[in-house]
Amino acid sequence: MILSLLIIIPIAGAIVIAFVPRDQDNMIKWLAVATTALALLVSLPLYFGFADGVSGYQFEEIRPWIPALNINYHVGIDGLSLFLVLLTTFLTLISVISSWTAITDGLKEYMACMLLLEAAVIGVFISLDLFLFYLFWEASLIPMALLIGKWGGSRRIYAAVKFIIYTMAGSTLMLVAALVLYVNGGTSDLPTLVSTLSLSQNLQIILFFAFALAFSVKVPLFPLHTWLPTAHVEAPTAGSIMLAGVLLKMGTYSYLRFAIPLFPDAVAYWTPLLVTLAIIGILYGALVALVQDDVKKLVAYSSVAHMGFIVLGTFSGGQQGMSGAVLQMINHGLSTGMLFFMVGVLYEQRHTRLFSEYGGIWVKVPVFGTYFLLAVFSSVGLPGLNGFVGEFVILLGTFKVNPIAAALGTFGIVLAAWYLLTATRKVMMGPFNEANRNLKDMNMREAGIAFVLILFCFIIGLFPNLLFDKINPATAELAEMISATTLIAGQ
Amino acid sequence: MPIDFPILNFQAIAPELVVVVAAFVVMFMELFVDDKRILGYISLVGLTMAAILNFSLMASFAPPTFQTMLISDGYSLILNLIFIIAAALSILISLSYLSDRELQHGEYYALLLFATVGMMLMGAATDLIIVFMGLEIMSIALYILAAFNRQQLGSGEAGMKYFVLGAFASAFFLYGVALVYGATGSTNLQEIGSWFSADRGNLGDPIALVGLSLLLVGFSFKIAAVPFQWWTPDVYHGAPTSVTAFMSVGAKAAGFASLMRVLMISFGDAFTVDWQLAVAVLAVITMTGGNIAALAQKDVKRMLAYSSIAHAGYILVGVVPGTMNGVQGVLFYLLSYTFMNIGAFAVITVLERRSQVGSAIQDYAGLASRSPLLALAMLLFMVSLTGIPPFIGFWGKLYVFRAAVEANMSWLAVAGMINSAISAFYYLGIVVQMYMRPVATAEDGDVAPALKLSAPVVVTLVVTVIVTVIFGIWPTPLVDLTSLAVFG
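Fair warning: this is a prediction, and the values are worked out from it, not measured in the lab.

About the cut-offs
- Residues numbered from 1 in each chain as written.
- Chains lettered and ligands numbered in written order.
- Predicted model: local features only at pLDDT ≥ 70, side-chain atom pairs only at ≥ 80, totals over all residues.
- Heavy atoms only, no water.
- Helix = DSSP H or I, 4+ residues; strand = E, 2+ residues; numbered from the N terminus.
- Rg over C-alpha atoms; globule rule 2.2 N^0.38 Å.
- Contact = heavy atoms within 4.5 Å.
- Areas by Shrake-Rupley, 256 points an atom, 1.4 Å probe, with all protein chains shown as cover.
- Axes fitted to C-alpha atoms, helices over the stretch in contact; angles between N-to-C directions.
- Parallel < 35°, antiparallel > 145°, perpendicular 65-115°, else oblique.
- Nonpolar A, V, L, I, M, F, W, Y, C, P; charged D, E, K, R; others polar.
- Salt bridge = Lys/Arg side-chain N within 4 Å of Asp/Glu carboxyl O.
- Buried < 20%, exposed > 50% of the residue type's maximum accessible area, 1.4 Å probe, protein only.
- Pairing = 2+ DSSP bridges.
- Left-handed = near helix turned anticlockwise from the far one by under 90°.
- Buried area = accessible area lost by both parts, 1.4 Å probe.
- Polar contact = N/O pair within 3.5 Å; in protein donor to acceptor, adjacent residues only side chain to side chain.
- Domains from an automatic or database assignment.

With respect to the overall build of chain B
Part 1: Helix and strand content of chain B: 19 helices and 2 strands.
Part 2: In terms of overall dimensions, chain B is globule-like: its C-alpha atoms have a radius of gyration of 22 Å, near the 23 Å expected for 488 residues.
Part 3: With respect to the principal axes defined by its C-alpha atoms, chain B has extents near 75 × 55 × 40 Å.
Part 4: Sequence-distant contacts in chain B: of pairs separated by 6 or more residues, those separated by 24 or more amount to 81%.
Part 5: Accessible surface, chain B as shown: approximately 16,600 Å² in total, 69% of it carbon and sulfur.

Below is the structure:
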């Protein structure tokens, strides 16, 4: 029942907020905080009640939904989704608090969109039915597009429309592929389909493509990434945190949850292409990030590069790579979420994100500077912080299978250090830019958010086994599925 | 000398009879009532009684009656429900729309009820003659309704255009009936079906096939399938918006109603052998043509007219496989389309300016801040029409596309989905206007008119929004309802 509650609570919160009078700003904010905090509290037992070392789904729920069509409401989590659910409840709370003063116009709709978005994203991570999954997948579009298009920057409408059109175009084939599975298997239940359905390899290859296209747009994989920078640049801070933090993970997670187990015979066929695109994404994202003059755009392109790592680990690293990929999804959510948050703190005061407008501000805002540097360290993968563990495990796994890919990926890490440290230098160091003389340091609310975020980065960096123990059984099972089919193919 | 009366089962056509009686009551009362809106409420009472009778008939289906001219089976009863709902919702939005434009005349409601009877007959007909009769009763009433706003040139044009082209389509249809009768010796759907299945060679009979193709032309006109859609944008645009709402839903459903019965009962094999591919192609060009034309529209009413062509294309996808799953999918789609489309038109009636035809998209700018609830309703309808879950429009598409995939025609479903993505562009264009653009001010030269919501329109919006959302999240009751739709 916990999982269903995680969908119901935000929706209920949104409905309650809809009935609050428009001028009661504080009440709306506190209601939103209360709702997301409640969702976070409810989600915590998922971690503590999760059985280690067991594969298969936990906290499962099955209820009849459309009996005439044999479609059920089936939710459950395993090592792949557990931490993504927790990340979502956590980051939504952070996002709501971070928009405390940034949003003035249409606060009511804003908070409602935030909560509906949370419900939809959690739904994606826990659905074990193809149509239920598709429902949440598409439902997440509208609140996100409204967040970008109503509360975003100057080119917000362009960014919102681009976001919608890309995502919808990407997922057109997915529904048809889901229907093909449903018609062939007589059910849309994922575990049943995985265990009973045996499709020809050719059909698997086609269907894998249909699913992977939708996921790759969301990740986004090069060359389908062009919606992301515009969306990030225009989105309000909290929108960017949600987008980078959890929405992109819908894509990488769904490879592991749907594409690989449903079509194990097709994985070998598509791996070279996906790995190549991932590598291009890592290098291209990094190189483009190097030349940005806008801090937020830089972080956006760094996302493209980081998500490339996750795809690399998913498809070329065996079990180790997949575990690393799952961990890296969490890491990226925390560190990039934090970077976007930090950029938002600056933007809220100066209404610009251009490097040329900043410089030498560390003396003025030391607390901000420290947290910014820590966020950068987490993102570039400094040992002791979370990013290091994730990237290291991914590259280790990849090296065993595909040394060249691992080498190119490592080069991407070097580039990441280059552009992120350059960004730090341009913003924080150098001669003091007089335009910033009225800049205020972080207040308690902002510093608190940054502290909690970086705390989790340290915890994961120092004790990664807190996560790996729960992730590994699920990835081991996946790796077995793929290797079983490669063995058969090899005979 | 004893006279043999044929057995007439009036119970089977009780809902139709009630609507006819209501229409006559309205015409009679028109003489005595000053406030013509009362006639609208009388019509609503009649429709409610018809709906109740219709539900009571669902318990037991009657065999073909009136000498196998009509039948009251699961299929026709579900369709009756669609027609009654469409008529009732249209009347609700007519009440204030007509008063605002000084068009409040009693005939309006009577004609609307007669059109509804025609539609119901088309759904229940088991004989081509009755199909034609229903078609004409419906069409003639609609011709007049389209031209009802006499003061507006556009409305007159709509009525004239609809009449001239509709008369042609009826002629095609009637000629098709004649040819089929010549080939098979009967106008009864069942007997035509037996003739086809009696001899394999009959499947290729040229006269019967030409007849069938002419019937298809007639139906394609009514459902506004490309390339028989030319009348649609002008008629939908020019007609009073409440009439457009009714036509776009009811007339389309009626066309599909007889089309599917004729294809499934009479032409079963002949259809799958000779015509399946043609109708599949028709479906694809219909949805693509409608969507691409809708992309270019600057007027919301006209855009919805083109989009209704696209929806005819999606619905045809469910017709192509010729299976019961397809038929039930089509009924589900029509039912869902009834609610979301009339809901969208209800919003248009609120925003439409008195003095002009149609509704410019700029008038929707900043609607979210002028009237958050109205904008929210429109948002839900647009999203649902696009086919994004969790709204009712998604399940309609899922249902018909499933039928195509089952029939090994996944490519049709792919075409449908690609078109859905295209349609997102213009449906969400309205959302962009409402939520992301500021309200036009006097400095922009053009101030949008004040919003005036009347109680019946609010009722319509509440009903359609609730159906769109609740049955989007939990479609089971509607799925179960449409699964009752079997041919008697």
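From this point, things continue past the structure.
A few points about the packing of helix α5 (residues 130-139) of chain A against helix α6 (residues 141-151) of chain A
Residues and elements named next belong to chain A.
Part 1: Running from amino to carboxyl end, α5 crosses α6 at an angle of 10°, the nearest separation of the two axes being 5 Å. Considering the angle they form, α5 stands roughly parallel to α6. Mapping the contact onto sequence places Trp-137, Glu-138 and Ala-139 in α5 and Leu-141, Ile-142 and Pro-143 in α6.
Part 2: Of the residues contributing to the contact of α5 with α6, the split by class is 5 nonpolar, no polar and 1 charged.

Some remarks on unusual backbone geometry
Residue and element names in this part refer to chain B.
Part 1: In this structure, Pro-227 follows Val-226 across a cis peptide bond, with omega equal to 10°.
Part 2: Here Pro-227 shows up in the loop between α8 (206-223) and α9 (231-238).
Part 3: A cis geometry characterises the amide bond from Pro-389 onward to Pro-390, with omega recorded as 0°.
Part 4: The residue Pro-390 is located in the loop between α15 (372-386) and α16 (392-406) in this model.
Part 5: In this structure, Glu-102 takes a positive phi of about 55° despite not being glycine.
Part 6: Locating Glu-102 in the fold gives a position in the loop between α3 (74-100) and α4 (106-124).

A look at the pattern of salt bridges
Part 1: Overall, the coordinates contain 16 salt bridges over all chains when judged by the stated rule.
Part 2: With a shortest N-O distance of 2.6 Å, Asp-78 of chain A and Arg-257 of chain A are connected by a salt bridge. With a gap of 179 residues between them, Asp-78 of chain A in the loop between β2 (71-77) and α3 (79-98) and Arg-257 of chain A in helix α11 (residues 237-262) connect regions that are remote in the sequence.
Part 3: Salt-bridge contacts for Lys-161 of chain B lead to Glu-157 of chain B; the nearest nitrogen and oxygen are separated by 3.3 Å.

Some remarks on the pairing of β2 of chain A
All names here are of chain A.
Part 1: Among the 7 residues in β2, 7 count as buried, and that is most of the element.
Part 2: Of the two faces of β2, the one holding Ile-71, Tyr-73, Val-75 and Ile-77 and the one holding Asn-72, His-74 and Gly-76 are both buried throughout.
Part 3: Of the strand pairs in this sheet, strand β1 (residues 58-66) and β2 are connected by 6 bridges, and their pairing is antiparallel. In the sheet register, Glu-61 faces β2, and the bridge partner there is Val-75.
Part 4: Once β1 ends, the chain turns through 4 residues before running back antiparallel as β2, passing Asn-70 with a positive phi of about 60°.

Observations regarding the packing of helix α12 (residues 300-319) of chain B against helix α17 (residues 410-436) of chain B
Residue and element names in this part refer to chain B.
Part 1: At their nearest, the axes of α12 and α17 sit 11 Å apart, and the two run at 165° to each other. Overall, the two elements α12 and α17 adopt an arrangement that is roughly antiparallel. Here α12 runs over α17; the crossing is left-handed. Packed against α12, whose contacting residues are Val-300, Met-303, Leu-304, Ser-307, Ala-310, His-311, Tyr-314 and Val-317, the element α17 presents Leu-412, Gly-416, Asn-419, Ser-420, Ser-423, Tyr-426, Tyr-427 and Ile-430 at the interface.
Part 2: In the contact of α12 with α17, the residues fall into 10 nonpolar, 6 polar and no charged.

Looking at the interface of chain B and chain A
Part 1: Counting residues at the interface gives 36 residues for chain B and 34 residues for chain A.
Part 2: Between chain B and chain A, a total of about 3,000 Å² is buried, with carbon and sulfur atoms accounting for 85% of that surface.
Part 3: Here chain B is connected to chain A by 0 salt bridges.
Part 4: Joining chain B to chain A, the criterion identifies 3 residue pairs in polar contact (both at pLDDT 80 or more).
Part 5: When contributions to the side of chain B that touches chain A are tallied by element, the ones reaching two or more residues are α15, α16, α17 and α19 (476-482) of chain B.
Part 6: Element by element, the count of residues in the side of chain B that touches chain A is highest for α17 of chain B, at 14 residues.
Part 7: Among the residues making up the side of chain B that touches chain A, the classes are represented as 28 nonpolar, 4 polar and 4 charged.

What to know about the domain arrangement of chain A
Residues and elements named next belong to chain A.
Part 1: Each assigned domain of chain A is listed here: domain 1 (1-262) and domain 2 (267-491).
Part 2: The distance between the C-alpha centroids of domain 1 and domain 2 comes to 21 Å.
Part 3: At the interface, 52 residues of domain 1 touch 51 residues of domain 2.
Part 4: Taken together, both faces of the contact between domain 1 and domain 2 bury some 4,500 Å²; the carbon and sulfur share is 79%.
Part 5: Looking at the side of domain 1 facing domain 2, the largest losses of area belong to Phe-83, Phe-222 and Ile-260, adding up to 14% of the total buried there.

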